[in-house]
Structure formats: structure tokens, C-alpha cells
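Okay, here's what each chain looks like letter by letter:
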Amino acid sequence: QQQHERIQQQAHDVLQAVEDQQAQLQQQQHAVLQDLMGSVGQSGTQPSPRPSILATETQHSFDQELDLGIPSSNNSGSSSVLLQKSTQQIQSCNSAGDLEQLLQQSWQDMDHVHISATYVQLVRIQQQQQQAAQGKGAAAVQQQLSDSAWEQLQQVTLQQLHKLHSRHCSNIVWACASLGRSPVEPLMQGLLERSKTLLRQGTTPQGFANTLWGLATLRVQPSSDWLDAFCAASQQQLCNFQPQELS
């Protein structure tokens, strides 16, 4: 009986020590995030991603977006084929003008997958223009959606906010930061609330990294509750983070 009690006490002590270490790590993460967000807001400077991140991030995000957002055609029949076709049409646009023309014909039919794909495609178009300009030794001419189309895209995003998955939220925040176009306040707050809810369900290391980089670049200060949820969720994935995602 005494030996059994000693074993129980030892197990309890080990569990308590683990919990204490986890709590300490979470507090440290929270402090680092607060310092990062605070320094961005005070200095007015924006963190710059490494070129290698932007060179590969968009294609990677878009490919994962397809895997997450489009159901298998074997399971959902013609609706899946239509969804896939629509997303491929977005991906095939090579200029902001082409994409805007497509959007003008599709606003009423767009769902959360199309919306996320649109933001990501805008970044891809921007990067392609930059790479083409660098090859010619010239300055890139930034082509973006018109102000009216950008406003309409944000309105549609707000309408589909409740359907967004964690991948969609991180892609949209990351894309807005990459494009240098801040979302309107209702959309930004909606994305924070939606992502906070989805953080409890977990996401990928890339999703964590994209979200945090996007918020810092946009100079958005999340609430303490949001940072707590972020730290708790990301802590469970730390062993899967690559050096790029940690940085």
C-alpha cells in the first residue's frame, strides 16, 4: 500500500512538473509575441520576410488551399467539378485586370474556397510581375484590383467569414500583408475572431507562421485572449515547425 502511494505521488509530481514547464513556456511565448507586436506598433516599421519565403510561399499556400477546400470529385459529383473548375479559372489569371474581370462575373457564385484562392492569386500575380521586371532590370509596375473591386472582395469575404477554415484565414491575412493592403476594420476583427475559434481546433505550422507574420506586417495588435489561444495551439505543434516557420 505504501509503495503504491509512493508511485502515485511520484506520478503526480511528474505531471505537475510538466504542467509547470508548459505554463512557463506559454508565458514566455506570450511575452515574446507581445514584444513583437508592441515593437512593430511603436516603431512603425514592418518585418520583412526573407526572399526565399515569398518565392515559395504563394505556390505552397495555394496548393494546400486546393487540398483543403475542394472535396473529392468521387464524393461530391458535379458540384466538386464545378468548384475545381472555378478555382482553376482564378488560378489561371495572369493579371489583376483578368482576375477582376472574372470576379465581376462571379461575385454571387463565390464561396470561401474561391475567396481564399483569389487573395492568394493576387499575390502570385504580384510576384510574377516582380520576377519579370527583375529579369528585365526594370522596376515592377504594381497591378492590383481597383478600389471598388477590392472593397467588393472584402464584403464577400465578410459574408463567407463563418465558413472559413484555418487555412483560409491564414492565407487571407498573409495575402493582405504581402499585397500591402490592410483589410477594413470589420473584416480584420472578424478574421481575428474566426481564427481564434479555429486555433482551438489546431492548424499547420505554416498557418501559424503566415498568420503571425501577416498581423505583424499589417501592424495589427491582437488581444491578450487571442495571443493566449495562439500560444496554446502553437505549443502543441512546435516539434513540427521548420526553421523558416520558427523565424
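Structure's up top.
What counts and what doesn't
- Residues numbered from 1 in each chain as written.
- Predicted model: local features only at pLDDT ≥ 70, side-chain atom pairs only at ≥ 80, totals over all residues.
- Heavy atoms only, no water.
- Helix = DSSP H or I, 4+ residues; strand = E, 2+ residues; numbered from the N terminus.
- Buried < 20%, exposed > 50% of the residue type's maximum accessible area, 1.4 Å probe, protein only.
- Contact = heavy atoms within 4.5 Å.
- Polar contact = N/O pair within 3.5 Å; in protein donor to acceptor, adjacent residues only side chain to side chain.
- Expected span 1.5 Å × (residues − 1).
- Phe/Tyr/Trp six-rings, centres within 6.5 Å; stacked < 30°, edge-to-face > 60°.
- Axes fitted to C-alpha atoms, helices over the stretch in contact; angles between N-to-C directions.
- Left-handed = near helix turned anticlockwise from the far one by under 90°.
- Core = buried A, V, L, I, M, F, W, Y, C linked by side-chain atoms within 4.5 Å.
- Nonpolar A, V, L, I, M, F, W, Y, C, P; charged D, E, K, R; others polar.

Right, let's talk about the overall build of the chain for a bit. Tallying secondary structure elements over the chain gives 11 helices and zero strands in all. Its helices and strands taken in sequence order, the chain reads α-α-α-α-α-α-α-α-α-α-α from the N to the C terminus. Relative to its 247 residues, the chain shows a buried fraction of 44%. Looking at the chain alone, contacts between residues at least 24 apart form 82% of all its contacts between residues at least 6 apart.

Next up on the list: the environment of Ser223. In this structure, Ser223 sits in the loop between helix H9 (205-217) and helix H10 (224-235). Looking at Ser223, its side chain comes within polar contact range of the main-chain nitrogen of Trp226, at 3.2 Å.

Another aspect to go through is the side chain of Thr118. Positionally, Thr118 belongs in helix H5 (residues 112-136). Only 2.8 Å separates the side chain of Thr118 from the backbone oxygen of His114, close enough to count as a polar contact. Apart from the residues within four sequence positions on either side, Thr118 is in contact with Ile90, Leu99, Leu103, Met110 and Leu153.

In this model, H5 (25 residues) spans 37 Å end to end at C-alpha, consistent with the 36 Å of a helix rising 1.5 Å per residue. N-cap assignment for H5: the residue whose side-chain oxygen lies 3.1 Å from the backbone N of Val113 is Asp111.

This part is about the environment of Ser95. Tracing the backbone through its elements, the reader meets Ser95 in the loop between helix H3 (73-92) and helix H4 (96-104). Spatially, the C-alpha atom of Ser95 lies 8.3 Å from that of Gln126, the residues being 31 residues apart in sequence. Once you skip the residues sitting within four places of it in the chain, Ser95 turns out to touch Ile125 and Gln143.

This brings us to the packing of aromatic side chains. Across all of its chains, the model carries four aromatic pairs by this definition. With centroids separated by 5.4 Å and ring planes inclined at 85°, the aromatic side chains of Phe208 and Phe230 adopt a geometry described as edge-to-face. Of this pair, Phe208 sits in helix H9 while Phe230 sits in helix H10, and the two are 22 residues apart along the sequence. Just as Phe208 is buried, Phe230 falls in that class too. A ring pair is formed by Phe208 and Phe241, whose centres lie 6.0 Å apart and whose planes are at 25°; its orientation type is stacked. Of this pair, Phe208 sits in helix H9 while Phe241 sits in the loop between H10 and helix H11 (243-246), and the two are 33 residues apart along the sequence. Across the pair, exposure class does not vary: Phe208 and Phe241 are buried alike. Among the aromatic side chains, those forming a connected cluster through ring pairs are Phe208, Trp226, Phe230 and Phe241.

Attention now moves to helix H7 (residues 166-179). Residues separated by three or four positions in an α-helix point in the same direction, a consequence of the helix having 3.6 residues per turn. Relative to the 20 Å expected for 14 residues at 1.5 Å per residue, H7 spans 20 Å between its end C-alpha atoms, a close match to the ideal helical length. Most of H7 is tucked away, with 13 of its 14 residues classed as buried. A positive backbone phi angle near 70° is found at Gly180, which sits one or two residues after H7.

With that settled, the discussion passes to the packing of H5 against helix H6 (residues 147-159). How two helices sit against one another is set out by the angle between their axes and by the gap between those axes. It is at 10 Å that the axes of H5 and H6 come closest, and there the two elements cross at 145°. Crossing hand, H5 versus H6: left-handed. For the pair H5 and H6, contact is made by Ile115, Thr118, Tyr119 and Leu122 and by Trp150, Leu153, Gln154, Val156 and Thr157, respectively.

Another aspect to go through is unusual backbone geometry. Here Arg219, not a glycine, exhibits a phi torsion of approximately 60°, which is positive. Counting through the fold element by element, Arg219 comes out in the loop between H9 and H10. Taking relative accessible area as the criterion, Arg219 reaches 45% and is therefore assigned partly exposed.

Here the focus is the nonpolar core. Residues Tyr119, Trp150, Met188 and Leu191 are the most contacted members of the largest nonpolar core, which totals 46 residues. Among the elements of the structure, H4, H5, H6, H7, helix H8 (185-199), H9 and H10 are those that each provide at least two residues to this core. A per-element tally of this core places H7 first, with eight residues. Excluding anything up to four places from it in sequence, Trp150 contacts Tyr119, Leu122, Leu145, Cys176, Leu179, Arg181 and Ser182.

Before going further, it helps to examine the packing of H8 against H10. Orientation of H8 relative to H10, taken along the N-to-C sense of each, is 35°, at an axis distance of 9 Å. Between H8 and H10 the crossing geometry is left-handed. Contacts between H8 and H10 involve Leu192, Ser195, Lys196 and Leu199 from the first element and Asp225, Trp226, Ala229, Phe230 and Ala233 from the second. Looking at the contact of H8 with H10 residue by residue, the class counts come to six nonpolar, one polar and two charged.

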